[in-house]
Amino acid sequence: MNIRPGPYLIPALAAVATPALLAVWWAPAGFIAIGAVLGVVGLAVAEAWWLGRVRLQAQRAPRTAVSLGRPLALPLQLRHDAAAELALVARCLIADQLGGGSQTAGGRCAAGATLHLSFTAHAQRRGEMELPAAMVAWTRWGLIERITGVGTAAVVAVIPDLTAVRRLRRQLDALFLRGMGTRLAPRIGQGREFDRLREYVQGDDFRHIAWKAAARRNQLIVREYRVERSQDVLLCLDNGHRMTARVAGPEGWLTRTDHAVNAAVVTAWLCNRCEDRIGLLSFAADVDRGVPQGRGPAHLAAITAFATGIEERWLHTDYRALAGHLRRRLRHRTLVLIATVLPEPGDHGDLLAAIRMLVPRHLPLVMVLTDPVLDATAESLPSDQRELCRTLVAGDVVHGRQQLVRELRKLGALVVETAPGDLGVAAVNAYLDVKRRQLL
């Protein structure tokens, strides 16, 4: 049991010892002061013994989820089995990913009542972190405090920002309600999904003849297919060294990887809503397996869990390794959405070679994260020789990236340039444009 002096012990001892100063003129005052001091000490010992018999109970959520960049309230409920009112003070250690440091909160809790406390944190980095059990100090008269850890450790999971997902869902639900009563007719064509059997007409492909059905009916029957509504979409997030820079956004200073993860979660939800099969992976010097293409609520939960663990790494981005992995992995034509920062002049060859490996079998969509500071520097008017050098270098870099964008489009890739904070909206609009133009 951890015991320490309470807030009133030292002032009480000082107050009762003050009459000892009168012993110079009146001798009994010293004996009175000693008796008072012994009385205060006796009360402190009695309080320490009494506090040792008190039991505290703490309750808080064992697991909490919060979106990246959002504030989080950490509630704590305290109860005790004493028959008197106690003063409670709780201290909670905050993980560095949630702002760091420690916070205290307290109040008075009557017998049989519950004291509700709350601590605040701010999610600054994705992942799971553990908050240790809260340390609570309690006292009755304020002479002695007992300190101990109560409750159990709690886990806080910082997930990608789902605010845009909820907003998009409300908009789509409203659009669906306005369109109730309408039906989508399937498009008949050279797809992979079987639609129906019908009689053979002149000009039909002999490969589509259903010979068993034709034998049963004693006439030629052909299979008719429809263009499938479920198509494959794979999100590839670059988490190399170029994605480590922090940029300002509505949620605060987040890395480019954080913005890419948020955009991936929004895009994955929309693809699932459009009945497409969606997958997710991250790449830098090597490529991870990620989450294969699929759909459904459980699949979206798996994508969110995987995206939560994506971290930026100080490694070179190998686009050729990504293209080789995709050629081995993808069996059908797929929309490959690549969120990255374009390499500097001199390193363009790997990205161009990767796009050549993907087209025309697949449709690459390169989401380019721009650098507003670099663009502003390239367009600024220098006032001295040093700023002139900065402007010229920035202009060369911007010109080289513009040339790379033109070459990517010539190879057949779709390229969208956007600021990191607007990546989610740009990715959704690009995906919807691909669906509208039926490029897959």
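Participant: Now, about the sheet that holds strand S10 (residues 144–150): what can you tell me, with residues and values included?
Facilitator: Note on sheets: strands pair through backbone hydrogen bonds, and any given pair is parallel or antiparallel. Taken in spatial order, the five strands make up an open sheet running S1-S10-S9-S5-S6, and their pairing is antiparallel. Edge positions in the sheet fall to strand S1 (2–5) and strand S6 (102–109), since each has one partner strand and no second. Neighbour-to-neighbour, the strand axes of the sheet open up by a mean angle of 25 degrees, direction not taken into account. Packed on one face of the sheet, helix H2 (residues 28–51) meets strand S5 (86–93), strand S9 (134–139) and S10 and runs near 20 degrees to S10.

Participant: Tell me about a nonpolar patch on the surface, residues and numbers included.
Facilitator: A cluster of nonpolar side chains, namely Trp25, Trp26 and Ile32, defines an oily patch on the protein surface of about 440 Å² accessible area. Mapped onto the elements of the fold, Trp26 is located in the loop between helix H1 (9–17) and H2.

Participant: Provide a residue-level description of helix H11 (residues 423–437), including the pertinent values.
Facilitator: Spanning 15 residues, H11 covers 21 Å between terminal C-alpha atoms, matching the ideal 21 Å at 1.5 Å per step. Along H11, the residues classified as buried are Leu423, Gly424, Ala426, Ala427, Val428, Ala430, Tyr431 and Val434. Residues of H11 that are buried make contact with strand S14 (232–238), helix H5 (256–273), strand S19 (334–340), strand S20 (363–369) and strand S21 (414–418). Looking one or two residues beyond H11, the residue adopting positive phi is Gln438, at roughly 55 degrees.

Participant: Which residues make up the sheet that holds strand S17 (residues 277–283), and what values do they have?
Facilitator: As summarised here, the arrangement of the six strands in space is S18-S17-S14-S19-S20-S21, forming an open sheet in which the pairing is mixed. The open sheet has two free edges, formed respectively by strand S18 (291–294) and S21, since each of these has just one partner strand. Recorded for the sheet is a direction-independent mean angle of 15 degrees between the axes of neighbouring strands. Where S19 meets S20, six bridges bridge the pair, whose relative direction is parallel. Residue pairing for S20: Ile338 is matched across the bridge by Val366.

Participant: Which residues make up the packing of helix H7 (residues 319–329) against helix H8 (residues 348–358), and what are the values?
Facilitator: At a minimum axis distance of 8 Å, the contact between H7 and H8 shows a crossing angle of 10 degrees. Of the possible angle classes, the one that applies to H7 and H8 is roughly parallel. Of the residues in H8, those in contact with Tyr319, Arg320, Ala323, Gly324, Leu326 and Arg327 of H7 are Gly349, Asp350, Leu351, Ala353, Ala354, Met357 and Leu358.

Participant: Describe the nonpolar core, listing the residues and the values that go with them.
Facilitator: Core analysis: the largest hydrophobic core is formed by 39 residues, its most contacted members being Leu74, Leu78, Leu88, Leu98, Trp138 and Val156. Residues within four places of Leu74 in sequence aside, it is in contact with Ile94, Leu117, Ser118, Phe119, Ala121, Leu131 and Val156.

Participant: Kindly report on the packing of H8 against helix H10 (residues 385–410), identifying the contributing residues and their values.
Facilitator: Axis separation between H8 and H10 bottoms out at 11 Å; the angle between their running directions is 15 degrees. Classified by the angle their axes make, H8 and H10 are roughly parallel. When the axes of H8 and H10 are compared, the crossing they make is right-handed. Residue-level contacts link His348, Leu351, Leu352 and Ile355 of H8 to Gly400, Leu404, Glu407 and Leu408 of H10. Tallied by class, the residues present in the contact of H8 with H10 amount to five nonpolar, two polar and one charged.

Participant: Outline the packing of aromatic side chains, listing residues and values.
Facilitator: Two aromatic rings, taken as a pair, are described by how far apart their centres are and by the angle between their planes. Per the counting criterion, the structure on display carries one aromatic pair. One Lys or Arg, Arg140, reaches over the ring of Trp50 and ends 4.8 Å from the middle of that ring.

Parameters at a glance
Residues numbered from 1 in each chain as written. Predicted model: local features only at pLDDT ≥ 70, side-chain atom pairs only at ≥ 80, totals over all residues. Heavy atoms only, no water. Pairing = 2+ DSSP bridges. Helix = DSSP H or I, 4+ residues; strand = E, 2+ residues; numbered from the N terminus. Axes fitted to C-alpha atoms, helices over the stretch in contact; angles between N-to-C directions. Contact = heavy atoms within 4.5 Å. Patch = residues over 30% accessible without salt bridge, like charges linked within 9 Å, V, L, I, M, F, W, Y side chains within 5 Å. Areas by Shrake-Rupley, 256 points an atom, 1.4 Å probe, with all protein chains shown as cover. Salt bridge = Lys/Arg side-chain N within 4 Å of Asp/Glu carboxyl O. Expected span 1.5 Å × (residues − 1). Buried < 20%, exposed > 50% of the residue type's maximum accessible area, 1.4 Å probe, protein only. Parallel < 35°, antiparallel > 145°, perpendicular 65-115°, else oblique. Core = buried A, V, L, I, M, F, W, Y, C linked by side-chain atoms within 4.5 Å. Left-handed = near helix turned anticlockwise from the far one by under 90°. Nonpolar A, V, L, I, M, F, W, Y, C, P; charged D, E, K, R; others polar. Phe/Tyr/Trp six-rings, centres within 6.5 Å; stacked < 30°, edge-to-face > 60°. Lys NZ or Arg CZ within 6 Å of the ring centre and 35° of its normal.

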